[in-house]
Amino acid sequence: MPKIEDKVKGFYTVDDAIALDYETTQALQFKHLNKTRTILGGSKYFVKADGTKFIDHEGREHLDMIGAVGVVTVGNNNEFVWGELEKVFRSKQYMMGAVAYHNIAAAFAHNMALLSPGGQLTKMGTATGGAEAIEGSIKLVKLASRNKPGKEKILACEGAFHGKTTGAVSVGGKEKWRMSQHPTMEMVDWVPYGDAEALERALATGRYLAFYTEPIQGEGGIIVPPEGYLKKAREFCTRYDVIFTVDEIQSGCGRTGRMWCVDHENVVPDVLVFAKGFSGGLVPFGGYICREEVYEAAYGSAETCFHHTATYQENGLSAAAGIASLEYIMENDLIEAAAAKGDYFIGKLRELRERYPGIIREVRGKGLMIGMEFYEIPDQYKEGYGDYYADPVNNDLVEKYRIQVNHTINNPAVFRFLPPLIVEKEEIDYTVESVELAIQDAIERTSR
Ligand SMILES: Cc1ncc(COP(=O)(O)O)c(C=O)c1O
């Protein structure tokens, strides 16, 4: 049989791709993919990812404290999850297509209903990532409310991040991401995050069909709302007939020490959007689960049931990764582990805050969703080091101590830790010690 190289000169097979060296990979990336991001990020080239560790092309080990921004709950290249995906392949399942039942997706939806807040979110829509899941939820709430006179708008939160597709930036709380997207959805207003009074005032106008919020704002800077905020939001949404939609894309799947972050307050939303942690870090995945009434109001008739279809909907491989990730997380008690390790981690970082009160403004979070907010660097040093102490500390962690962390998208004063839930106590200790050394170094460099 002729080889692909004989047919398409220069074609890389998967074997070739795995064997690509640093220089070739960088050159290809710069030529064909987004080069500004990699230049600005001074990207690493990892040739191996295993559990909480990466190995770069020069054989150096790095610690994963960001888990691909909250995706890799089960650890990188988790053997159990890969093994389950392999089973799906070996048994030659029917994987794709709109015309037949989907056993794996149906089983995943069943599991998610069992694990949903209060066991009450029993219908599911799937997607291939967070932003698409948000788009799906926007469509759901609009369609479900089409017969409610006067309910024409969506309420969302300032500082919120829901993804970067056009619909998702429309509900997001940052003008920056709407650049060149205007006109975006005109029907969105925003209230300050965590302010229950402002929320009630807005909802009482009767104009809103849905309220969108993250239970902890991730990209906004790991902002934990005041205790009771979600409960009040639930009450107001019920009182004013508003569909309460929570975005658990970053905070879900056990990350905060409960299956869902809303479980901390025993709140049952009407729609819950998920992604990231359910993919095993392997397969693009996302979706929403919702109350049956909302789903039926939107898609429950022959007229509307085809209003949302997508080729990769109910994708078998993604659903298998979801099932396997959940099984691994629960069999290994990783949710409880996230709570205990998170308390330990946050406690240690707060001790650091007490030692460096002029550098660290606040340590926030729940479970293994943790942010550190830093003060501004004195003006005369900003050019060399960045606007906030978060910059030199973040850089030293990545470059000197080989710990992967990153800034929150909507708040440059904050960087965060979203490690795999399997992270070890010793790895947390190493991280905290490294943060302290990086802070001491930043103080030294900005006080010469
Ligand atoms: C809360 C939240 N919503 C939505 C998204 C968008 O998800 P994706 O990047 O998969 O589109 C993110 C991503 O960081 C997120 O944190």
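Residues numbered from 1 in each chain as written. Predicted model: local features only at pLDDT ≥ 70, side-chain atom pairs only at ≥ 80, totals over all residues. Heavy atoms only, no water.

A. How the structure looks around helix H14 (residues 334-355). Its 22 residues give H14 an end-to-end C-alpha distance of 31 Å, which sits within 8% of 32 Å, the value for a rise of 1.5 Å per residue. Burial in H14 covers these residues: Leu 334, Ile 335, Ala 337, Ala 338, Lys 341, Gly 342, Phe 345, Ile 346, Leu 349 and Leu 352. Projected onto a plane normal to the axis of H14, the buried residues spread over an arc of 145 degrees and lie on a single side. Opposite the buried face of H14, by more than 90 degrees, sit the exposed residues Glu 336, Ala 340, Asp 343 and Glu 354. The inward-facing, buried residues of H14 abut helix H13 (316-331), strand E11 (360-366), strand E12 (369-374), strand E15 (411-417) and helix H17 (425-445). (Helix = DSSP H or I, 4+ residues; strand = E, 2+ residues; numbered from the N terminus. Expected span 1.5 Å × (residues − 1). Buried < 20%, exposed > 50% of the residue type's maximum accessible area, 1.4 Å probe, protein only. Arc of directions from axis to C-beta. Contact = heavy atoms within 4.5 Å.)

B. How the structure looks around the pairing of strand E10 (residues 286-290). Buried residues dominate E10, accounting for five of its five residues. Of the two faces of E10, the one lined by Gly 286, Tyr 288 and Cys 290 and the one lined by Gly 287 and Ile 289 are each fully buried. Sheet topology note: the strand E4 (residues 123-127)/E10 ladder contains five bridges and is antiparallel. Among the inter-strand pairings, Ala 127 is bridged to a residue of E10, identified as Gly 286. (Pairing = 2+ DSSP bridges.)

C. Molecular detail of the pattern of salt bridges. Counted according to the given criterion, the structure contains 26 salt bridges. In this structure, the salt-bridge partner of Glu 219 is Arg 416, at a minimum N-O distance of 2.8 Å. Placement of Glu 219 in the loop between strand E7 (208-213) and helix H11 (229-239) and of Arg 416 in strand E15 is noted, with a sequence separation of 197 residues between them. A salt bridge links Glu 376 to Lys 382, with the shortest nitrogen-to-oxygen separation between them at 2.4 Å. By relative accessible area, Lys 382 is classed as buried at 17%. Taken together, the shared-partner salt bridges connect Arg 361, Glu 362, Arg 364 and Glu 373 into one network. (Salt bridge = Lys/Arg side-chain N within 4 Å of Asp/Glu carboxyl O.)

D. Geometry of empty space enclosed by the protein. A full pass over the atoms with the stated rule returns three cavities of 30 Å³ or more. One number sums up the size of the largest cavity: a volume of about 60 Å³. Lining the largest cavity we find Gly 125, Thr 126, Ala 127, Glu 132, Ala 133, Gly 136, Gly 287, Tyr 288 and His 308. When residues of the lining of the largest cavity are traced back to their parent elements, those giving at least two are E4, helix H8 (130-144) and E10. Residue composition of the lining of the largest cavity, by class: three nonpolar, five polar and one charged. (1 Å grid on protein atoms, 1.4 Å probe; cavity = no way out; pocket = protein on both sides within 12 Å on 5 of 7 lines; lining within 4 Å. Points joined across faces, edges and corners; volume = space filled by probe spheres on them. Nonpolar A, V, L, I, M, F, W, Y, C, P; charged D, E, K, R; others polar.)

E. Main features of the side chain of Ser 116. Along the chain, Ser 116 falls in the loop between helix H7 (103-115) and E4. Given a relative accessible area of 4%, Ser 116 falls into the buried group. Other than its neighbours up to four places away in sequence, Ser 116 contacts Leu 121, Trp 260 and Ile 289.

F. Geometry of a nonpolar patch on the surface. A contiguous nonpolar surface patch, about 230 Å² in accessible area, is contributed by Ile 4, Val 8 and Phe 11. Inspection of the secondary structure assignment puts Ile 4 in helix H1 (residues 4-7). (Patch = residues over 30% accessible without salt bridge, like charges linked within 9 Å, V, L, I, M, F, W, Y side chains within 5 Å. Areas by Shrake-Rupley, 256 points an atom, 1.4 Å probe, with all protein chains shown as cover.)

G. The arrangement of the packing of H14 against H17 in detail. At a minimum axis separation of 10 Å, H14 and H17 run at an interaxial angle of 15 degrees. One element, H14, and the other, H17, form an angle in the roughly parallel class. Read as a crossing pair, H14 and H17 show a hand that is right-handed. Across the interface between the two elements, Lys 341, Tyr 344, Phe 345, Lys 348, Leu 349, Leu 352 and Arg 355 of H14 pack against Lys 425, Ile 428, Asp 429, Thr 431, Val 432, Val 435 and Glu 436 of H17. The residue makeup of the contact of H14 with H17, split by class, is seven nonpolar, one polar and six charged. (Axes fitted to C-alpha atoms, helices over the stretch in contact; angles between N-to-C directions. Parallel < 35°, antiparallel > 145°, perpendicular 65-115°, else oblique. Left-handed = near helix turned anticlockwise from the far one by under 90°.)

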